[in-house]
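# Structural features, examined
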Amino acid sequence: MGIENYLQGENYMVTSLTKLVNWSRSNSVWPCTFGLACCALEMIASTLSNFDISRFGSEVFRPSPRQADLLIVSGTLTKKMSVMVKRVYDQMADPKWVIAMGACSSCGGVFQSYAVVQGVDQIIPVDVYIPGCPPRPEAVLAGLMKIQEKIRTEKLDQRPDFTG
Amino acid sequence: MSYKNVIQTIHKKFPEAIVNECENKGQREISLAKNRFYETMRVLQENTDLPYDLLIDILGIDYTPRTPRFDLVYILLSTKDFSRLIVRLKAEEGEEIPSVSSIWHSADWAEREVYDLMGIPFSDHPDLKRILTWKNFEGHPLRKDFPLEGKDFDKPFDPETIEDYT
Amino acid sequence: MAESKKMYLNMGPHHPATHGVLRIELELDGETIVNATPRIGYLHRGIEKLAENRNYQQIIPLTDRLDYASASANNMGYCVTVENLMGTEVPKRAQYLRVIMAELARIMGHHLWIGTHALDIGAMSVVFYAFRDREMIMDINEEIAGYRLTPTFFRIGGVAHDATPKFIQMVRDFVKWFPKGLDGYHKLLTENKIWTTRTMDIGTISAEEAVNYGFTGPSLRGSGVAYDLRKAFPYSSYDDFDFQIPVGDKGDVYDRYLVRMEEFSQSLKIIDQAIENLPEGPVNVDNPWISNPDLDEVQKDISALIRRFMIHVKGPVAPEAEVYQAVEGAKGELGFYLVGDGSEHPYRLKIRSPCFYLASALPRLMVGHMVADAIAIIGSIDVVLGEIDR
């Protein structure tokens, strides 16, 4: 059926461990099921029928932060909720990445008010920002591919969670 | 007209309860005095002519620097003929208003919201605490003297400062 | 007999089945819920305060983000309120276009409800079909307004622009297609043994109690009270259309499910009538203080250019008056209490959110049931946190 039809005898492939690890990490990014506001609906749409995020290795949305690699902060981050977002991020096991989805989580968006945190990067580090209010599902997929690109170029011993 | 009967019943029972009665853009509106407020609201809900059994909403309006400072507006609906009645009450700053949550259950959260955002306290409320903002939030955001962006807007935000109900 | 000990379970605000950031503290005896305390405010963005600092046109995008599952229905409520305050009559064509958009939004909201409600209870396939059909409405939104989820197609005094022929064709196609999709949901759920067992006699509430708790919309109609704003206080030409109000009798989760399922087809009926009888004429009110001049006119005439500039910078001015106007949103009575003070900003805008009162009744609905039923109950009253917290 597949590639094995063309393989004969013992086969070897030479690569660096960094590349192997990054390749496997980048194609199995499991996001955390974590919706905050309007953007969550577009995040849901990107996982379902028409856009199908599983084509990029992210079909397994994990409700538990301990099993997730990627936190998509989808929507307005209020000050009351910021405590929980910080806690969810802290509970995630390394290696972990964060996408700030939409204008609100990137910079506060239209809600420049007393109750809204002006950007999720004030409390947790962000890898990719997706613009839009709310962004289209294609933009979410593009954001995911940016994360994958970033993972593929990482040096393992220079990751922030590397303890040597 | 059954609405007139209700007003007459209130007039008979509590002669000074209704301060003003008018019609605003086709909507019936009455202003109540504070001293017989709770009893009048009970009559509005319990009478058999036209019971206003659905409390749609409660809101406060800050008319500072006017005294009394606040207007409390109760929007009632009767499921008998689907007619609305707006009840208005003037409130001084810091003055306790009798809670109507024992008459309509929907008033429970509505009054908590008014207390939280407008700072009007209610007496005899079962659980009067902040609902939309957090526990150690200072001030009442919908008052006219509260700045839109809060007081620490330009400083970096620290989630450790937020204390929530547990 | 061993002494029973209470267990406390904190559900949310990060929980996949609470439809957003709702948090409920459950007090459990074994698996039975003894007490439930909903905590809200995790999405409180201060929309009412923001509205006091914006002009009337600028508030429309904020209202989109209230009940983001059915954005156009909120636009309808806000625009109708402002027009009532200003005493403006919108042209018939604009009213019909608004009705089409609002009913499409209602179907969109119900799509989200049926998908997540079924997913939470364990029927996974429904959500894929629901979102397939939802994407069709999103495409219609995109065609007419340029945005999928939050179209902001409404303006004070009308709509943004006239309908395109492609839009009309897309709506017709949807009206033709959707009964088949709806039939699919019915086949998957309505007589499904697991579905009926999980939903019948769960979260029952009588009509009197539902009224006392401030229920409106499909949740109230599930208990048997035929209160629908579209019939009781017709706005935006709803009295031109022929449709029924579905009501339940028991008021349990299954009744609320049936009412919403019937609302799908009633909304479809309204859209069909509106698109086939779409009147000719302008789509904006003929009032230089409210509506934008045509772009052609702006390029030729300096006064039209100034007018356009003024409308964008300052916006329409409302008189010193107060008004309460409500519309039937996807979740219930969506009301706006608007106080004008003679300037271009509202003095006070209070949003009456239906979900706020539905969520306040969660303890009443949950107590005595199992934890798994709590999920079914949250799904059945269809809360959207953007609207609860504002």
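Our structure is the block above this text.
First, a word on scope: everything that follows refers to the structure included in this document. As the structure is a prediction and not an experimental result, all values here were calculated from the model.

Moving on: the overall build of chain C. A count of helical and extended segments in chain C gives 17 helices and eight strands. A compact globule built from 390 residues should have a C-alpha radius of gyration of about 21 Å, and chain C, at 22 Å, falls within 12% of that. Buried positions account for 65% of the 390 residues belonging to chain C. When contacts within chain C are restricted to residue pairs at least 6 apart in sequence, long-range pairs at least 24 apart make up 70% of them. Surface accessibility of chain C: about 13,300 Å² in total, with carbon and sulfur atoms responsible for 54%. Across chain C, the 40 positively charged side chains and the 52 negatively charged ones have centroids separated by 3 Å.

Tallying the contact residues gives 17 residues for chain B and 13 residues for chain A. With both sides pooled, the region where chain B packs onto chain A buries about 1,300 Å², and carbon together with sulfur makes up 68% of that total. Inspection of the region where chain B meets chain A yields zero salt bridges. Our count for the chain B to chain A interface comes out at four residue pairs in polar contact (both at pLDDT 80 or more).

For Ser-106 of chain A, the location among the structural elements is in helix α4 (residues 102-107). Look past the residues within four positions of Ser-106 of chain A in its chain and what remains in contact with it is Ala-100, Gly-119, Asp-121, Tyr-129 and Ile-130 of chain A.

Here we come to the packing of helix α11 (residues 253-276) of chain C against helix α16 (residues 371-381) of chain C. Residue and element names in this part refer to chain C. The contact between α11 and α16 brings their axes to 9 Å, and the two run at 30 degrees. Regarding the angle of α11 to α16, the classification is roughly parallel. In this structure, α11 meets α16 at a crossing whose hand is left-handed. Residues Val-253, Arg-256 and Arg-260 of α11 lie in contact with α16, whose contacting residues are Ala-376, Ile-377, Ser-380 and Ile-381.

Further remarks concern the interface of chain B and chain C. Between chain B and chain C, the residue contacts involve 48 residues of the former and 47 residues of the latter. Both faces considered, chain B and chain C share a buried interface measuring about 3,900 Å² in area, 58% of it formed by carbon and sulfur atoms. Of all residues in chain B, the largest losses of buried area upon contact with chain C belong to Arg-84, Trp-109 and Leu-132 of chain B, amounting jointly to 18% of the total for that side. Connecting chain B to chain C are six salt bridges. Residue Arg-390 of chain C pairs with Glu-113 of chain B through a salt bridge whose shortest N-O separation is 3.0 Å. One can count 22 residue pairs in polar contact (both at pLDDT 80 or more) joining chain B with chain C. If you list the elements that add at least two residues to the side of chain B that touches chain C, you get β3 (54-62), β4 (70-78), β5 (83-91) and α3 (107-118) of chain B. Element by element, the count of residues in the side of chain B that touches chain C is highest for β3 of chain B, at nine residues. Looking at the side of chain B that touches chain C residue by residue, the class counts come to 26 nonpolar, 11 polar and 11 charged.

Residue and element names in this part refer to chain B. Looking at the element boundaries, Tyr-74 is found in strand β4. In this structure Tyr-74 comes out as buried when scored by relative accessible area, which is 0%. Sequence-wise, Tyr-74 and Gly-60 are 14 residues apart; in three dimensions their C-alpha atoms are separated by 9.0 Å. Apart from the residues within four sequence positions on either side, Tyr-74 is in contact with Phe-37, Met-41, Leu-55, Asp-57, Ile-58, Leu-85, Ile-86, Val-87, Ile-97, Val-100, Glu-111 and Phe-122.

To continue, consider the sheet that holds strand β6 (residues 322-328) of chain C. Residues and elements named next belong to chain C. Pairing is antiparallel in the open sheet, where three strands are placed in the order β6-β7-β8. The two strands at the open ends of the sheet, each matched to only one other strand, are β6 and β8 (346-352). Strand-to-strand twist in this sheet, taken as the mean axis angle between neighbours without regard to direction, amounts to 15 degrees. Of the pairings in the sheet, the one linking β6 to strand β7 (residues 333-340) comprises seven bridges and is antiparallel in character. What sits directly across from Val-323, in β7, is Leu-338.

Below, the discussion takes up the pattern of salt bridges. Summed over all chains, the structure comprises 52 salt bridges over all chains. Here Glu-113 of chain B makes a salt bridge to Lys-350 of chain C, at a shortest N to O gap of 3.6 Å. Residue Glu-113 of chain B is found in helix α3, and its partner Lys-350 of chain C is found in strand β8; the two belong to separate chains. With relative accessibility at 3%, the residue Lys-350 of chain C sits in the buried group. Salt-bridge contacts for Glu-263 of chain C lead to Arg-221 of chain C; the nearest nitrogen and oxygen are separated by 2.2 Å. Of this pair, Glu-263 of chain C sits in helix α11 while Arg-221 of chain C sits in helix α9 (residues 217-222), and the two are 42 residues apart along the sequence. For Arg-221 of chain C, a relative accessible area of 0% translates into the label buried. Where salt bridges share partners, they join Glu-103, Arg-106, Arg-221, Asp-228, Arg-230, Glu-263 and Glu-328 of chain C into one cluster.

Let's shift gears to the sheet that holds strand β2 (residues 23-29) of chain C. All names here are of chain C. One open sheet holds the three strands; their spatial order is β1-β2-β3, and the pairing between them is antiparallel. Looking along the sheet, the strands with just one partner apiece sit at the ends: β1 (6-11) and β3 (32-39). Strand after strand, the sheet turns through a mean of 20 degrees between neighbouring axes, direction not considered. Looking at chain direction, β1 and β2 are connected through six bridges and run antiparallel. Within β2, the residue paired with Met-11 across the bridge is Ile-24.

Moving on to helix α3 (residues 79-91) of chain A. With 13 residues, α3 of chain A should reach 18 Å at 1.5 Å per residue; the first-to-last C-alpha distance of 19 Å fits that figure. Every buried residue of α3 of chain A is accounted for by Lys-79, Lys-80, Met-81, Ser-82, Met-84, Val-85, Val-88 and Tyr-89 of chain A.

Now for helix α13 (residues 302-313) of chain C. Along its 12 residues, α13 of chain C runs 16 Å from first to last C-alpha, staying within 8% of the 16 Å computed at 1.5 Å per residue. Following α13 of chain C by one or two positions, Gly-315 of chain C has its phi on the positive side, about 85 degrees.

Tallying each qualifying case throughout the model produces 23 aromatic pairs over all chains. Taking the centre distance of 5.3 Å and the plane angle of 55 degrees together, the rings of Phe-37 of chain B and Tyr-74 of chain B count as tilted. Taken together, the residues span a long stretch of sequence, with Phe-37 of chain B in helix α2 (residues 37-46) and Tyr-74 of chain B in strand β4 at a distance of 37 residues. Centre to centre, the rings of Tyr-235 of chain C and Tyr-238 of chain C are 5.1 Å apart; their planes meet at 70 degrees, and the pair counts as edge-to-face.

Attention now goes to the packing of helix α4 (residues 92-121) of chain C against helix α6 (residues 165-189) of chain C. Residues and elements named next belong to chain C. Direction vectors running N to C along α4 and α6 enclose 25 degrees, while the axes themselves pass 13 Å from each other. Considering the angle they form, α4 stands roughly parallel to α6. The handedness of the crossing between α4 and α6 is left-handed. Of α6, the residues touching α4 (which contributes Leu-97, Ile-100, Met-101, Leu-104, Ile-107, His-111, Ile-114 and Ala-118) are Phe-167, Val-171, Phe-174, Phe-178, Tyr-185 and Leu-189. Per-class residue counts for the contact of α4 with α6 are 13 nonpolar, one polar and no charged.

Rules and cut-offs
- Residues numbered from 1 in each chain as written.
- Chains lettered and ligands numbered in written order.
- Predicted model: local features only at pLDDT ≥ 70, side-chain atom pairs only at ≥ 80, totals over all residues.
- Heavy atoms only, no water.
- Helix = DSSP H or I, 4+ residues; strand = E, 2+ residues; numbered from the N terminus.
- Rg over C-alpha atoms; globule rule 2.2 N^0.38 Å.
- Buried < 20%, exposed > 50% of the residue type's maximum accessible area, 1.4 Å probe, protein only.
- Contact = heavy atoms within 4.5 Å.
- Areas by Shrake-Rupley, 256 points an atom, 1.4 Å probe, with all protein chains shown as cover.
- Lys, Arg positive; Asp, Glu negative; His and termini not counted.
- Charge placed at Lys NZ, Arg CZ, Asp CG, Glu CD.
- Buried area = accessible area lost by both parts, 1.4 Å probe.
- Salt bridge = Lys/Arg side-chain N within 4 Å of Asp/Glu carboxyl O.
- Polar contact = N/O pair within 3.5 Å; in protein donor to acceptor, adjacent residues only side chain to side chain.
- Axes fitted to C-alpha atoms, helices over the stretch in contact; angles between N-to-C directions.
- Parallel < 35°, antiparallel > 145°, perpendicular 65-115°, else oblique.
- Left-handed = near helix turned anticlockwise from the far one by under 90°.
- Nonpolar A, V, L, I, M, F, W, Y, C, P; charged D, E, K, R; others polar.
- Pairing = 2+ DSSP bridges.
- Expected span 1.5 Å × (residues − 1).
- Phe/Tyr/Trp six-rings, centres within 6.5 Å; stacked < 30°, edge-to-face > 60°.

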